[in-house]
Amino acid sequence: MKINRIEIYGFGKWNNITFDLKQGLQVFYGLNEAGKSTLRQFIYSVLFGFATGKGGNKYLRYIPKKGKKSAAYGGILEIEYQKHLYAVERTKGKNGGTVSIKNLDTGITMPPEFLSEILGPVDQKTYERLLGFNQSDLDDFNDLSNRDDLRRHILRMGAVGSDEWIKLEQSLKKEANEMYTVSSRTRQLDRKIKEYEQAQKKLQEDKDRFPDYQSIQELQKKSEQHLKEVRDQINILGNQLAETTSLLNNWDNYAEIRQIREALKDVPTQYLKLDLNELEILLNQIKATRSEIKKLKHELSELKLTNEKQDDAEKLVQLQGRLPEVKLNYGQVEDLNKRIQRLLDQSRMIEKQYNQDLSGVHPMTEKEFNEFKELALKEKRVNADINQIKNQMLETAPSRRSKASNPSANMVLGLAAILSIIDFLLPLNIYIKVVILAIIIVAGYVTVKAPKTTSAPAASLSDLLEENEANLDKIKKDIFSIGQQTGFGSFSREDWSVLQNDLQNYQHQLKEVDELKQKLNKTTTQIENFWQFSQQVVVMPQTRSKEAIAPLTNQIAKLVQAANLQRENVQKSEILNKNLQDQQVLLKKLESDPKLLIMSGVDEDSDQWIEEVRTKQNLYLRLTALENSLSATLTQKLEQYKDSAMLRESQSSQESKLAELKQTENQILDERADQIGKLSGLKNSVDILNEQQQLSELQTELKELIANWLTLQLGAKWVDQTLSIATKGRLPIIMEEANRYFNQITNGRYSKIEFDKDDMINVTDKHGETFEIAELSKGTMEQLYISIRFAFMKSFSDTVQLPIIIDDAFVAFDDIRIKQIFDLLKSIADQNQVIYFTAKKEVYNLTDDRDIVDLNTK
Amino acid sequence: MKFIHAADIHLGSPFQGLRKISNDVREKVIASTGEAYNKLVQDAIDNSVDFVCIVGDLFDNPEPDLETLNIAISGMDKLNEAGIPVYLSYGNHDYLNFKIPSNIFPKNVKIFGNQVETKTQTLQDGMTVAITGFSYAKRAEVNARIDEYPVKNQDVDFQIGMLHGSMDGINSTEAHYAPFTQSQLISKNYDYWALGHIHKRQEINSKPIITYSGNTQGRHVNESGVKGVNLVTIDSKEKATVNFLETDVIEWNSIEVKAVAGMDLDKLIAAILREIGDATQSKFQLINIILRDSNILDSVVLDDISSGLALMQIQKQVDPNEILFHRITMKANENIQMFSELDREFWEKSENLVFNSKTVQETLGRLIELDFIAEEYSDEEEVALVKDRVELMLKQRNVLGDE
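Residues numbered from 1 in each chain as written. Chains lettered and ligands numbered in written order. Predicted model: local features only at pLDDT ≥ 70, side-chain atom pairs only at ≥ 80, totals over all residues.

Draft legend 1. Here's a closer look at the overall build of chain B. Check the secondary structure of chain B and you find 10 helices and 15 strands. The burial tally for chain B puts 44% of its 403 residues in the buried class. Contacts in chain B between residues far apart in sequence, at least 24 positions, make up 72% of those at least 6 positions apart. (Helix = DSSP H or I, 4+ residues; strand = E, 2+ residues; numbered from the N terminus. Buried ≥ 20, exposed ≤ 12 C-beta atoms within 10 Å, placed from the backbone. Contact = placed C-beta atoms within 7 Å.)

Right under this line is the structure:
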């Protein structure tokens, strides 16, 4: 069909505009943004439907912007189809727009399916590919650098959209090659294959690492067997070694036995059976007895006996007994003499004191004396009182001081007296007594004489004085009578107390002297007796004096001693003799003990003999013990050996053999443990089934990859084959056209294009020379391509009967080339409508202005 | 007479087609074949069977590791203690070799040698049974060993044939495995044929019963559904009944979801979850999500699926102890149009040129040296799947940019 007129209601920038198309080549000239693409898209849209709002196509809808005179969307294409005119109107609607087709001749509205009839088996894409030609087609062709690629490209142009297909084939191949090629070694698929092969190898290796079941069993059995053998051997050898060791252990005993037997070889049995202890005891007894006898004899000989009489001894003892007494007596004599002397001295002193004979004077009786003392006291008191009264009388003017008779004076006196008596009775030296007495007296006097301050009436004082004086007189008289009575009168009264005392002493002393003298006599007599007696007994000393006593004592003592000694010795000797007898009897008895018979013939020292026998007996005991410790079998075995060296050798070799065997045993055990360990280690580290499964998975992956690769390859092949077959199918048909076009385009330079049986393309120039296309220049190849392409398009156009639309191609062509193309197009356009969009002003040079629509001005 | 017919236990076999599973799942997976085996042992004991027949592929490979050996041995020990004999023949995976010595098993295990041999047993009730079979000595067995099987021995009450191999006609490419025909088996007059090697449980014949018990635990997406062993009872009148005992602990299953135009990821997930339903399964499920008409989905969703995001998201919606979605398999319907209609004929012509095993193998180049790749692309089914993928991939690329 041809398009006669384009009427646009609203499409993109186009608004209520109509274009009338020439028959043949119609050029639309417009600079960029003039609306060329929009116009072209309008044509497609009316024929095939408005672009949908989806995907990249939404920009091809060219929906008019609101507000621009608000034109309706769409428009009309007036077409000529099969010699009839139709108006194909498409406006806004669902599914690509609402189509209405009106037969302009008849005015009948055609059904929408009529459009499909008109269009034929072509959709927009196909139409664009088939009958569209644009710059990118050329560009793609030009991108093929390889002549061979060019050749093949040309050879495959024959299918619809062959360029896309060619592109796809290339990209499929590229993808496939990225995975793997015939010669590749490191690409994705190669790596996967390698991975697989390695896994396979590893699996096999791991499988091989395992010993097979059978050999495992065999190995185990074998080692078990071996182990048992070795262990049996160890047992046997162990027993042997034990025996040898036991023999060795007992060797010493055995050797000793032999030794002892040898030693006891000649010893008579009874010796061995002898009870040595008994014998020993006996011998000891004998020895002891003998020595005892010896001792006694010796003692006896040591005793010295004299012939002294016994009774002399008695007397001596008596005498000796009297010695202390006589010593005492002598002492007493001395003492008595001294005492007598002293007493006599004392009495003489007293006599001297009084210078008269006191023998006729006797001390007062107690009664008399007390009386006297009382009187004296009274006297004193009265005296004192008198003095006091007198004094008082003297002092009567201011104060009368009377000498009262002081009861206290009496008291003092009495006290003094008592103290005197006490003093006298004190067992002190007479001089001290006297001093004390003096002190008492003085104290008494002072006290009495102490002035007393008493106020007594003066009147009574003189009475009192009288009274007291009378008293005093009486007292004095009494005292005087006492003195007469007692004889004291010849002495001054003040001395009476002393006298009394002295007299008492004197009398006492004299009496005592007498007594003493008596005693003295007695004692002396005793001494005499003593000497008389002693005369009978001992030799008298020169003088019989006290001094002689001591040596006498000694002498006597010695004598007594000697006598005692003698007596002792006698006794001793009796005893000794008795003992001696006893011992001798005993000895005889002992010596006749039959036990001693065994020793007959023995000359040596019995001790030594006994020791020897004892030694032998001990040996024999030892022998018995040793023999008991050794069993008969053992002994039998030992008897086979001469010495222990052999046994030791035996033991040593057995030990080393045993050690060897044990080592072997350990080795076997180690091996077994090793085997088990290895096997379980293997089992732990290697899981065959797991590996196998993973290998299978790897295989699946690999299969998948290969399938993908294969898909790509086969896809490419398929495309390639299809293109090739399509081209080859179509080529012959279009070749004629292509030749003509090529000739025309090249200005007659080349006359023919040919495909040989090898799919090589050759061209023949006007001179008849043939060139492979590889020899052609790029430009010429382009021309060739265009020729063939245009020939295809013409051919398709004949088939589908639709206009060819060329969109701004040939931008890089120079003027001459363009002209050539244009001329070609024009000639094609004679039979098929060609619509040519361009932005090149030069187009005005190529064709009639009337064929050009200037879109810029619309 | 009661016995268990088990086959293709594949102890120690890994699971294929999983990737990047968690350690928990991996542990479950690894333990599964052993657990299935133990279940079988326990079933034998619980049912007081007279014997157990294991028809090949007890082990997954001729050199089983120690762990696997131990599992096998302890199972046999248990049966030994219970006084149950085991008739064991080795298959193409665990063919006779010194790595599996015969003396590892207790005395109750009777192993068939490479020569066809017949073993006999007197049952408790006095009846006698003969069991004929052989073990593989290498990875394949091209000979028709069936010819060496004797006709039923008249002196015994029952005769059972054990054969690990493939029946011609089921799948011709399996003819490397002691091939036989149905009629050959029938001609021997046995009371029961215990077959092994084919993992899909199926009955070939009913009188006598000729059956594959199938394997005991599914190991990849093609071994889906419940797996187990046959408990066979043959009464004195020689009437045989087969009961199926489940032994698997993990089940492979697929669910189908149809893509709907305009589905986004969330809606897709919701649709998948609806398909799963609420029922909790007793066994761990490995689910393959088959997405039909996936070419309808837009490229964003397709990207999510091919990147693995969709799988991750939907996995979060279920209890990982019950279900693992291991794959989303996208299937396209016929309506993919890649090229312009104008080019259709060329497109279809080249399709045939490209999508055949020859071209595929050429394209793979040295990748074919990987044995699992060679296996994968050796059949046309797989090639068809590749074509689906390519179509979807091209769709995803949105070459023509059509919305």
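Draft legend 2. Structural context of helix 6 (residues 162–179) of chain A. All names here are of chain A. Its 18 residues give helix 6 an end-to-end C-alpha distance of 25 Å, which sits within 8% of 26 Å, the value for a rise of 1.5 Å per residue. Taken as a whole, helix 6 has its buried residues at S162, W165, I166, L168, E169, L172, A176 and M179. What you see down the axis of helix 6 is that its buried residues fit within an arc of 160°, all on one side. (Expected span 1.5 Å × (residues − 1). Arc of directions from axis to C-beta.)

Draft legend 3. View of the environment of I818(A). Residues and elements named next belong to chain A. Along the chain, the position of I818 falls in helix 23 (residues 815–829). Residue I818 is classed as buried on the basis of its 20 C-beta neighbours within 10 Å. As a C-alpha pair, I818 and E842 span 24 residues in sequence and 9.3 Å in three-dimensional space. With residues near it in sequence (within four places) discarded, I818 still touches F810, F813, E842 and L846.

Draft legend 4. Structural context of the sheet that holds strand 5 (residues 84–91) of chain A. Residues and elements named next belong to chain A. Pairing is antiparallel in the open sheet, where 6 strands are placed in the order 2-1-4-5-6-7. Each edge of the open sheet is held by one strand with a lone partner, namely strand 2 (14–20) and strand 7 (109–110). Relative to strand 5, strand 4 (residues 74–81) is paired through 8 bridges, and the arrangement is antiparallel. Note that in strand 5 the partner of G75 across the bridge is R90. Those strands touched by helix 1 (residues 36–48) are strand 1 (2–11), strand 2, strand 4 and strand 5, and its axis lies near 105° from that of strand 1. (Pairing = 2+ DSSP bridges. Axes fitted to C-alpha atoms, helices over the stretch in contact; angles between N-to-C directions.)

Draft legend 5. Looking closely at unusual backbone geometry. Residues and elements named next belong to chain B. At the junction of K207 and P208, the peptide bond is cis and its omega measures out at 0° in the coordinates. Counting through the fold element by element, P208 comes out in the loop between strand 9 (202–206) and strand 10 (209–212). For H10, which is not glycine, the phi torsion reads 50° and is therefore positive. On the secondary structure map, H10 appears in the loop between strand 1 (2–6) and helix 1 (23–46).

Draft legend 6. Geometry of the packing of helix 1 of chain B against helix 2 (residues 66–81) of chain B. Residue and element names in this part refer to chain B. At their nearest, the axes of helix 1 and helix 2 sit 10 Å apart, and the two run at 5° to each other. Between helix 1 and helix 2, the angle falls in the class roughly parallel. Between helix 1, through G34, Y37, N38, V41, A44 and I45, and helix 2, the contact on the second element is made entirely by I71, G75, K78 and L79. Along the lines of polarity and charge, the residues of the contact of helix 1 with helix 2 split into 6 nonpolar, 3 polar and 1 charged. (Parallel < 35°, antiparallel > 145°, perpendicular 65-115°, else oblique. Nonpolar A, V, L, I, M, F, W, Y, C, P; charged D, E, K, R; others polar.)

Draft legend 7. Quick look at the environment of S162(A). All names here are of chain A. With respect to the helices and strands, S162 occurs in helix 6. Note on S162: 26 C-beta atoms within 10 Å, which makes it buried. Considered as a pair, S162 and L723 are 561 residues apart in the sequence and their alpha carbons are 6.8 Å apart. Among all residues touching S162, those that are not within four sequence positions of it are R156, M157 and L723.

Draft legend 8. Spotlight on the interface of chain B and chain A. Chain B puts 49 residues into the contact, and the matching count from chain A is 41 residues. Counting only elements with at least two residues in the side of chain B that touches chain A, the list comes to helix 1, helix 2, helix 7 (344–354), helix 8 (357–364), helix 9 (371–376) and helix 10 (380–397) of chain B. Examining the composition of the side of chain B that touches chain A, we find that 7 residues originate from one element, helix 7 of chain B, more than from any other. In terms of residue class, the side of chain B that touches chain A is made up of 26 nonpolar, 8 polar and 15 charged.

Draft legend 9. Geometry of the sheet that holds strand 8 (residues 132–134) of chain A. Residues and elements named next belong to chain A. Strand order in this open sheet of 5 strands is 8-12-13-3-14, and the pairing throughout is parallel. Two strands close off the open sheet at either side, each with one partner strand: strand 8 and strand 14 (852–854). Direction aside, the axes of adjacent strands within the sheet are offset by 15° on average.

Draft legend 10. Just the pairing of strand 6 (residues 128–133) of chain B, in detail. Residues and elements named next belong to chain B. Buried residues dominate strand 6, accounting for 5 of its 6 residues. For strand 5 (residues 117–122) and strand 6, the ladder comprises 6 bridges, and the chain directions are antiparallel. Residue T122 lies in a different strand from strand 6, and its bridge partner there is T128. Where strand 5 hands over to strand 6, the hairpin turn is made up of 5 residues, of which G126 adopts a positive phi near 95°. Sheet analysis places strand 6 next to strand 7 (residues 158–164), joined by 4 bridges and oriented parallel. The residue bridging A130 from the neighbouring strand is Q159, located in strand 7.

Draft legend 11. Broad picture of the confidence of the model for chain B. With 95% of its residues at a pLDDT of at least 70, chain B reaches an overall mean of 88. This complex was scored by the predictor with a pTM of 0.59 and an ipTM of 0.90. (pLDDT = per-residue confidence, 0-100.)

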